[in-house]
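# Reading the structure
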Amino acid sequence: MSAEEQKAAAGRAAIKHIRPGSIVGVGTGSTVNHFIDALAGMKHDIRGAVSSSEASTGRLRDHGIEVLDLNDADHLPVYVDGADEINRHLQMIKGGGGALTREKIVAAVAKQFVCIVDASKRVDVLGTFPLPVEVIPMARSYVAHELMKLGGQPELRSGFTTDNGNLVLDVHGLQIAKPIELERNINNIVGVVTVGLFAQRRADLLLLGTDNGVESITA
């Protein structure tokens, strides 16, 4: 299967983890788009969705799925999202689409985090994909210098503003051997909103699209 076919298969496979009558947490990205399209087939069986981005919100509404504010969601059993990289511990780099802060918030609330990816996203060590860091605009230069002290090479994502009105620094050159430690260190830099390391709140279940079908992998 092509990478796109693997993504589609993983997205469809996530549907079986959605409980009828529940509110569904929905992430962002090309693989999640396949999940949203599949979710439309059971839109009358769910109460609605909580979305991690304006892009996903638009796609959900185009399918006639009600989008709820997270503050109005009394219970979020499952959050389905993709990843830019994921390791064997189901720790991830996310944020290639720039929605990392809202993704991290929804993931923190959800009881179960289901990650859907194609086979190319599974890695032994995180860091080949540049690590996104959302920053307050006035702190861009300061945060960049602090990230350099940690061994990274930060690059401003040109012409991009997050849904929260902030900037993103993409950090190159990291070999992330201790994801939880690095996540905490970057989050402690003044001016950082969120780092796209999902290590403390890792995925609970990985649905990995492969040439031989979808593999289900737990942490």
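Residues numbered from 1 in each chain as written. Predicted model: local features only at pLDDT ≥ 70, side-chain atom pairs only at ≥ 80, totals over all residues. Heavy atoms only, no water.

## Quick word on the pattern of salt bridges
A full pass over the atoms with the stated rule returns 10 salt bridges. Here Glu183 makes a salt bridge to Lys104, at a shortest N to O gap of 2.9 Å. With Glu183 in helix H6 (residues 179-187) and Lys104 in helix H4 (residues 100-109), this pair connects stretches of sequence that are 79 residues apart. For the residue pair Glu183 and Lys104, the accessibility class agrees, reading buried in each case. A salt bridge links Asp118 to Lys121; the shortest N-O distance between them is 2.7 Å. With relative accessibility at 1%, the residue Asp118 sits in the buried group. Residue classification places Lys121 among the buried positions, given a relative accessible area of 18%. When salt bridges that share partners are traced, they join Asp81, Lys94 and Glu103 into one network. (Salt bridge = Lys/Arg side-chain N within 4 Å of Asp/Glu carboxyl O. Helix = DSSP H or I, 4+ residues; strand = E, 2+ residues; numbered from the N terminus. Buried < 20%, exposed > 50% of the residue type's maximum accessible area, 1.4 Å probe, protein only.)

## Remarks on the sheet that holds strand S11 (residues 197-198)
Sheet strands associate in pairs through backbone hydrogen bonding, adopting either a parallel or an antiparallel arrangement. Spatially, three strands are ordered S4-S5-S11 in an open sheet, and the strand pairing comes out antiparallel. Every interior strand has two partners, whereas the edge strands, strand S4 (85-86) and S11, have only one. With two bridges joining them, S4 and strand S5 (residues 92-93) adopt antiparallel strand pairing. Each bridged residue has a counterpart across the sheet, and for Glu85 the counterpart in S5 is Ile93. (Pairing = 2+ DSSP bridges.)

## Describing helix H5 (residues 140-149)
Among the residues making up H5, those that are buried are Val143, Ala144, Glu146 and Leu147. Along the long axis of H5, the arc covered by the buried residues comes to 165°, so they all point the same way. Exposed residues on H5 whose side chains face more than 90 degrees from its buried face are Met148 and Lys149. Where the residues of H5 are buried, they touch strand S7 (131-135), strand S8 (153-156), strand S9 (167-172), H6 and strand S10 (192-195). Gly151, located one to two residues past H5, shows a positive phi value of around 95°. (Arc of directions from axis to C-beta. Contact = heavy atoms within 4.5 Å.)

## A word on the packing of helix H2 (residues 30-39) against helix H3 (residues 54-62)
Their axes nearest at 9 Å, the elements H2 and H3 cross at an angle of 25°. With respect to each other, H2 and H3 are oriented roughly parallel. In this structure, H2 meets H3 at a crossing whose hand is right-handed. Note on element contacts: H3 touches H2 through Ser56, Arg59 and Leu60, opposite Val32, Asn33, Ile36, Asp37 and Leu39. Within the contact of H2 with H3, the residues separate by chemical class into four nonpolar, two polar and two charged. (Axes fitted to C-alpha atoms, helices over the stretch in contact; angles between N-to-C directions. Parallel < 35°, antiparallel > 145°, perpendicular 65-115°, else oblique. Left-handed = near helix turned anticlockwise from the far one by under 90°. Nonpolar A, V, L, I, M, F, W, Y, C, P; charged D, E, K, R; others polar.)

## Comments concerning the pairing of strand S13 (residues 213-218)
Taken together, the six bridges between strand S12 (residues 205-210) and S13 define a ladder with antiparallel strand orientation. Within S13, the position partnered with Leu208 by the bridge is Glu215. Connecting S12 to the next strand, S13, in antiparallel fashion are two residues.

## Quick look at the packing of aromatic side chains
The full count for this structure, using the stated rule, is one aromatic pair. Ring centres of Tyr79 and Phe113 lie 5.1 Å apart, and the angle between their planes is 45°; this geometry places the pair in the tilted category. Here Tyr79 is found in strand S3 (residues 78-81), whereas its partner Phe113 is found in strand S6 (residues 112-118), with 34 residues between them in sequence. Judged on exposure class, the residue Tyr79 and its partner Phe113 are both buried. Geometry around Phe198 places Lys94 over its ring, the cationic atom sitting 5.4 Å from the centre. The ring of Phe160 is capped by Arg157, whose NZ or CZ atom sits 5.2 Å from the centre of that ring. (Phe/Tyr/Trp six-rings, centres within 6.5 Å; stacked < 30°, edge-to-face > 60°. Lys NZ or Arg CZ within 6 Å of the ring centre and 35° of its normal.)

## What to know about the sheet that holds S9
Read across the sheet, four strands follow the order S8-S9-S7-S10 without closing on themselves; strand pairing throughout is antiparallel. Two strands lie at the open edges of the sheet, namely S8 and S10, each paired on one side alone. Direction aside, the axes of adjacent strands within the sheet are offset by 30° on average. Direction of pairing for S7 relative to S10: antiparallel, over a ladder of three bridges. Considered in S10, the bridge of Glu134 is made with Thr194. Strand contacts of H4: S7, S9 and S10, with the helix running at about 65° to S10, the strand carrying the most contacts. Strand contacts of H5: S7, S8, S9 and S10, with the helix running at about 15° to S9, the strand carrying the most contacts.

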